Amino acid sequence: MIESVRFPDCWCVEGECKLKEISDTVIVRKGRELLRFTLLWGEKHQKRMSRVTFFEVEILDPKTKGQLCFLDKVEPHATIGEIKCLFHKAYPQWYPSRQALKLDPKGKALKDDEILQNLPVGTTATLYFKDLGPQVGWTMVFLSEYAGPLFIYLLFYFRLPYIYHHKHAFTSSPYPAVTLACVCHSIHYIKRLIETIFVHRFSHGTMPLRNIVRNCLYYWGFSAWLAYYINHPLYTPPYYGNKQVNYALAMFVICQAGNFSIHLALNNLRSDGSKARKIPYPTKNPFTWLFFFVSCPNYTYEAGAWFSFTIMTQCVPVGLFTLISFIQMTIWAKGKHYTYIREFKEYPDLRMPIIPFLL
């Protein structure tokens, strides 16, 4: 016989479920096993006990349709995140951030803040579990992605042995464009590291471990490719000389300042700790006025920075990297733009995804 399962307030920290206050014993069915847990819950739950219609939740394997877990008498106000906490108690190897729960095996994963009684299910809810694999926190992801290019580029700039011919080891280029390119590249990634630690707020806490390998190969590989040609002993400076380099440098600085300003503005949208999506608007900072015309000005400034870096170095690999990056950022910008339009009826009509009036 399965005892009453009363759903507590709970939250998760680093894969472990923490529960509030005192109370009852919960028995969860895991196959033929009955797992007993002591769950803690508060006074507000005790007062609601007599008048609440409870739900039953069964969690199935999407391939075999076999039952992984059955939760009896789950409170209707329980969130998907709380259900993940209980599932984690039955299967400790699947911490909440590693879980995806779906209403349909081929459907979209439910969000952690979705409430059970608001889902299109009866009093018996059937959810399908998917293992997302080992997860890595977003801070660690970005630190890995951005620290690599910073140090890899410097290896080529200082011409360490075995990169070029041995007679060029530890030599330096006579062209100012090469030195400025190294400074700009370093500033770009140092800025990204600072933003990762102090500015960015992530709506999703983790990324699959397999994705970080792919992302690092992309950033690290392109950084090595660019650095090899820019710092090569046979590199030739831009066609229009210092004038071209200086104009490109001014554009690069403006775009970096604009990108940083947009990230600060987006950070301030969630200064209260909320994860709810909000419409970003221009502030008194002139760099944020691009919000009048595009939904993702951070990508606009990012693309501008790499375009100016291409002009500064006049290097074909840099131009290819800029093109690929722009295509990817356009895809991201369109996705966010259409999400804003879908979620907010009052969203400004003048805005485009990434390029004012065009794209």
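Residues numbered from 1 in each chain as written. Predicted model: local features only at pLDDT ≥ 70, side-chain atom pairs only at ≥ 80, totals over all residues. Heavy atoms only, no water.

Remarks on the nonpolar core
To keep it simple, the criterion reads: The set of buried Ala, Val, Leu, Ile, Met, Phe, Trp, Tyr and Cys residues whose side-chain atoms join them within 4.5 Å is what this entry labels a nonpolar core. Each residue gets one of three labels from its accessible area relative to the maximum for its type: buried under 20%, exposed over 50%, partly exposed in between, using a 1.4 Å probe on protein chains only. Numbering goes from the N terminus for both helices and strands, where a helix is a DSSP run of H or I of at least four residues and a strand is a run of E of at least two. In this analysis, two residues are considered to be in contact whenever any of their non-hydrogen atoms come within 4.5 Å of each other.
Within the largest apolar cluster, 38 residues are counted, with the highest numbers of intra-cluster contacts made by Tyr153, Ile230 and Phe309. Looking at this core, the elements that each hand over two or more residues are helix H3 (138-157), helix H4 (176-198), helix H5 (209-230), helix H6 (241-269), helix H7 (297-313) and helix H8 (316-343). Not counting residues up to four positions away in its chain, the partners in contact with Tyr153 are Ala181, Cys182, His185, Ser223, Ala227, Ile230, Asn231 and Phe309. By size, the runner-up hydrophobic cluster in this structure holds 22 residues, among which are Leu71, Ile80, Phe87 and Ala90.

Regarding helix H2 (residues 80-90)
Of all 11 residues in H2, 10 are buried; the element is thus mostly enclosed. Those residues of H2 that sit buried are Ile80, Gly81, Glu82, Ile83, Lys84, Cys85, Leu86, Phe87, His88 and Ala90.

Focus: the pattern of salt bridges
Inclusion rule: One speaks of a salt bridge when a side-chain nitrogen belonging to Lys or Arg is within 4 Å of a carboxyl oxygen belonging to Asp or Glu.
Summed over the entire model, instances satisfying the criterion amount to 5 salt bridges. Ionic pairing is found between Glu302 and Arg192, a salt bridge with its closest N-O pair at 2.1 Å. Here the residue Glu302 occupies a position in helix H7, and Arg192 occupies one in helix H4, the gap between them amounting to 110 residues. You'll find Glu302 and Arg192 in the same group, each marked buried.

Considering the state of the cysteines
The criterion, for reference: For the purposes of this analysis, a disulfide is any pair of cysteine sulfur atoms at a distance within 2.5 Å.
Taken as a whole and assessed by the stated rule, the structure comprises 0 disulfides. Cys182 supplies the cysteine sulfur nearest to Cys184, a cysteine that is in no disulfide, at a spacing of 9.4 Å.

Some remarks on the packing of aromatic side chains
For clarity, the cut-off: By convention, a stacked pair of Phe, Tyr or Trp rings (six-membered ring in the case of Trp) has centres within 6.5 Å and planes under 30 degrees apart, an edge-to-face pair has planes over 60 apart, and any other such pair is tilted.
Summed over the entire model, instances satisfying the criterion amount to 29 aromatic pairs. On the basis of an interplanar angle of 40° and a centroid distance of 4.5 Å, the ring pair of Trp94 and Phe129 is categorised as tilted. Of the two residues, Trp94 sits in the loop between H2 and strand E7 (99-102) while Phe129 sits in strand E8 (residues 124-131), which places them 35 residues apart along the sequence. Classification of Trp94 as buried rests on a relative accessible area of 16%. Residue classification places Phe129 among the buried residues on the basis of a relative accessible area of 5%. Measuring from ring centre to ring centre gives 5.2 Å for Tyr340 and Tyr347, while their planes differ by 10°; the resulting arrangement is stacked. For Tyr340, a relative accessible area of 9% puts it in the buried group.

So, the confidence of the model for the chain
Let me state the cut-off plainly: Every residue carries a pLDDT, the predictor's confidence in it, which falls somewhere between 0 and 100.
A residue-level look at the chain finds 84% of positions with pLDDT of 70 or above and a mean pLDDT of 86. Between residues 1-25, whose pLDDT stays under 50, and residues either more than four places distant or in other chains, the model counts 91 contacts.

Some details on the pairing of E7
Put simply, the test is: Each pair of strands is called paired provided DSSP finds at least two bridges between the two strands.
Both faces of E7 are covered, namely the face carrying Gln99 and Leu101 and the face carrying Ala100 and Lys102. Sheet topology note: the E7/E8 ladder contains 4 bridges and is antiparallel. Of the residues in E8, the one forming a bridge with Leu101 is Phe129.

Digging into the packing of H3 against H5
Which entries qualify depends on this criterion: The convention used is that axes are lines fitted to C-alpha atoms, helices contributing only their stretch in contact, and that angles between N-to-C directions extend from 0 to 180 degrees. By the definition adopted for this analysis, an angle is roughly parallel if under 35 degrees, roughly antiparallel if over 145, roughly perpendicular if from 65 to 115, and oblique otherwise. For a crossing to be left-handed, the near helix must be turned anticlockwise from the far one by less than a right angle; the clockwise case is right-handed.
The interhelical angle for the contact between H3 and H5, taken along N-to-C directions, is 20°, at an axis separation of 8 Å. Classified by the angle their axes make, H3 and H5 are roughly parallel. In this structure, H3 meets H5 at a crossing whose hand is right-handed. Contacts from Met140, Val141, Ser144, Glu145, Tyr146, Gly148, Pro149, Ile152, Tyr153 and Phe156 of H3 reach H5 at Ile212, Asn215, Cys216, Tyr219, Trp220, Ser223, Ala224, Ala227, Tyr228 and Ile230.

With respect to unusual backbone geometry
Positioned with a positive phi, Arg159 is a non-glycine residue whose angle comes to about 50°. Residue position: Arg159 is located in the loop between H3 and H4. The backbone of Phe357 shows a phi angle near 70°, a positive value even though the residue is not glycine. Mapped onto the elements of the fold, Phe357 is located in the segment after H8.

Here we look at the environment of Val183
Here Val183 shows up in helix H4. Residue classification places Val183 among the partly exposed positions, given a relative accessible area of 41%. Each C-alpha atom of the pair Val183 and Leu154 lies 9.8 Å from the other, and the pair is 29 residues apart in sequence.

Examining the pairing of strand E5 (residues 55-60)
Most of E5 is tucked away, with 5 of its 6 residues classed as buried. Pairing of E5 with strand E6 (residues 67-74) involves 5 bridges; the strand directions are antiparallel. In the strand pairing of E6, Leu60 is matched with Gln67. What sits between E5 and E6 in their antiparallel hairpin is a turn of 6 residues, with Lys65 showing a positive phi close to 65°. Taken together, the 5 bridges between E5 and E8 define a ladder with parallel strand orientation. Residue pairing in the sheet places Glu56 in a bridge with Thr124 of E8.

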